[in-house]
Amino acid sequence: MRDIRRSGRRDSTRGERKYGLFQVISPSRSAKTGLPLWLLGLGVDRLRTDMSRLLALLFHQGVLDEQFLQLQQLQDESCPNFVSEVINIYFHESEKLLRNLRGLLSDREFSDYKKMGIHLNQFMGSSSSIGAKRVRNVCVAFRAASEQNNRAGCLRALELLEHEYCYLKNKLHEFFQIEQQRVLAAGVRYPIQN
């Protein structure tokens, strides 16, 4: 339940919104301290639930497949950031591949579809290894268009690939932010004063 207080000021650092003379304190913040609940050691279960819901959504949408879960199983206490590090490497390499593909297709006289196929195979392989199912599927369609020397089809596939890649990147970024908050919430405990 939200806590509504009468006030004439706005304090955006406390997660409050002002409505007339009233402000609403976000339920993710403590009414007594104004600190995020995860900073108080509260909300770990809620953050874990948020992570599970986001993953379930990504699986339901076909954005990710079981390979992502296998990647998560490789993470342990000795390397707690393993998955995020692998994903960041994937993003860095994917940006290069997208730039290369864009560069090849921006040339009106482009005819080196074999080179494009090499970039697409790399993109497909790295996407498969992290479980990026929809990105991989677009790469397959893109490669089919390149094998037919279909420039218009390649341009459409590139646009779709960029869209799917951005969606994946945004959602995984959101996932890792929630995970980071969960880790902080699990490790930080402050006494609550009444």
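Cut-offs and rules
Counting starts from 1 at the beginning of each chain's written sequence and moves along it residue by residue. Only residues with pLDDT of at least 70 are given local features in this predicted model, and only at 80 or more are side-chain atom pairs given and counted; all residues enter the totals for whole chains, interfaces and linings. Only hydrogens and water are removed before side-chain values are computed, so all heavy atoms of the structure are retained for them. For our purposes a nonpolar core is just a set of buried Ala, Val, Leu, Ile, Met, Phe, Trp, Tyr and Cys residues, chained together by side-chain atoms within 4.5 Å. Any residue under 20% of the maximum accessible area for its type is buried, any over 50% is exposed, and the rest in between are partly exposed; the area is computed with a 1.4 Å probe on protein chains only. Strands are runs of DSSP state E lasting at least 2 residues, helices are runs of H or I lasting at least 4, and numbering of each runs from the N terminus. Contacts are assigned to residue pairs that have any heavy atoms within 4.5 Å of one another. Every helix has an expected span of 1.5 Å times one less than the residues it contains. Pairs of N or O atoms are called polar contacts if they sit within 3.5 Å, as long as, within protein, a hydrogen donor faces a hydrogen acceptor (for residues adjacent in sequence, only side-chain-to-side-chain pairs).

Peer 1: Quick one: what's the story with the nonpolar core, residue by residue and with numbers?
Peer 2: Looking at soluble globular proteins, one finds that nonpolar side chains tend to be buried together. Residues Phe 123, Phe 142 and Leu 168 are the most contacted members of the largest nonpolar core, which totals 43 residues. The leading source of residues in this core is helix 6 (residues 151-187), at 11 residues. In contact with Phe 123, other than residues within four places in its own chain, are Tyr 90, Ser 94, Leu 97, Leu 98, Leu 101, Val 135, Cys 139, Leu 161 and Tyr 165.

Peer 1: How would you explain helix 6 if you had to name every residue and give the values?
Peer 2: Here helix 6 contains 37 residues, and its C-alpha end-to-end distance of 53 Å stays within 8% of the 54 Å for a straight helix at 1.5 Å per residue. The N-capping residue of helix 6, defined by a side-chain oxygen 3.3 Å from the backbone nitrogen of Ala 152, is Asn 150.

Peer 1: Quick one: what's the story with the environment of Gln 72, residue by residue and with numbers?
Peer 2: When you line up the elements, Gln 72 lands in helix 2 (residues 66-73). According to the relative accessible area criterion, Gln 72 is partly exposed, its value standing at 24%. Each C-alpha atom, one on Gln 72 and one on Val 83, is 6.1 Å from the other, the two residues being 11 residues apart in sequence. The residues touching Gln 72, leaving out its near neighbours within four places in the chain, are Leu 55, Val 83 and Phe 175.

Geometric descriptors of this kind do not, in isolation, establish any biological role.
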